[in-house]
Amino acid sequence: MQVDNTGSITSVIKEGQSSQQTQAAEQRAERQQPEQSQQPRQTDTVTLTQAAAQLQQVENHIKSAPVTDTQRIEQVQSAIAKGNYSPDPGQVADKMLNFESALNSVRSRN
């Protein structure tokens, strides 16, 4: 059995079948096609999981975050290259805790 891209049967080919039978089957299929094209098409829907919704919120939060301070990045890179960079461990820990707290608040909104 052979099916065309619209889903209708276009021909049935069996061993020993005459060309008249094949043509008759094709004609029946062509008559069915206009009826099928008048049927309303189904639309696809998308449902986000809770995790996907959380990721979307995080992405939106990141988009609204301030732009990176390129001057500060250059200063830090220069200090690292010169061997003068010594970060304050307390300040780094505070920043990490603030980040985790902000992330948890986004999670708890759901």
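Treat the numbers as computed from the prediction; the structure is a model and nothing was measured.

Peer 1: Honestly, the overall build of the protein chain in this entry has me stumped. Any pointers?
Peer 2: Counting its regular elements, the protein chain contains 4 helices and 2 strands. When the helices and strands of the protein chain are read in sequence order from the N terminus, they spell out β-β-α-α-α-α. Partitioning the contacts of the protein chain with sequence separation of at least 6, the portion at a separation of at least 24 is 40%. Element-wise, carbon and sulfur atoms account for 50% of the exposed surface of the protein chain, whose accessible area totals about 10,000 Å².

Peer 1: I tried to follow the environment of Val106 on my own but got confused; where do I start?
Peer 2: As for its position among the elements, Val106 is in helix 4 (residues 89-108). For Val106, a relative accessible area of 6% translates into the label buried. Placed 48 residues apart in sequence, Val106 and Val58 show a C-alpha to C-alpha distance of 7.1 Å.

Peer 1: Can you walk me through the confidence of the model for the protein chain in this structure?
Peer 2: Here the protein chain averages 77 in pLDDT, while 69% of its residues score no lower than 70. Within the protein chain, no element has a lower average pLDDT than strand 2 (residues 9-11), which sits at 44, and none a higher one than helix 3 (residues 70-82), at 93. Low confidence marks residues 7-17, where pLDDT is under 50. Its contacts with residues over four positions away, or in another chain, come to 20 contacts.

Analysis parameters
- Residues numbered from 1 in each chain as written.
- Predicted model: local features only at pLDDT ≥ 70, side-chain atom pairs only at ≥ 80, totals over all residues.
- Heavy atoms only, no water.
- Helix = DSSP H or I, 4+ residues; strand = E, 2+ residues; numbered from the N terminus.
- Contact = heavy atoms within 4.5 Å.
- Areas by Shrake-Rupley, 256 points an atom, 1.4 Å probe, with all protein chains shown as cover.
- Buried < 20%, exposed > 50% of the residue type's maximum accessible area, 1.4 Å probe, protein only.
- pLDDT = per-residue confidence, 0-100.

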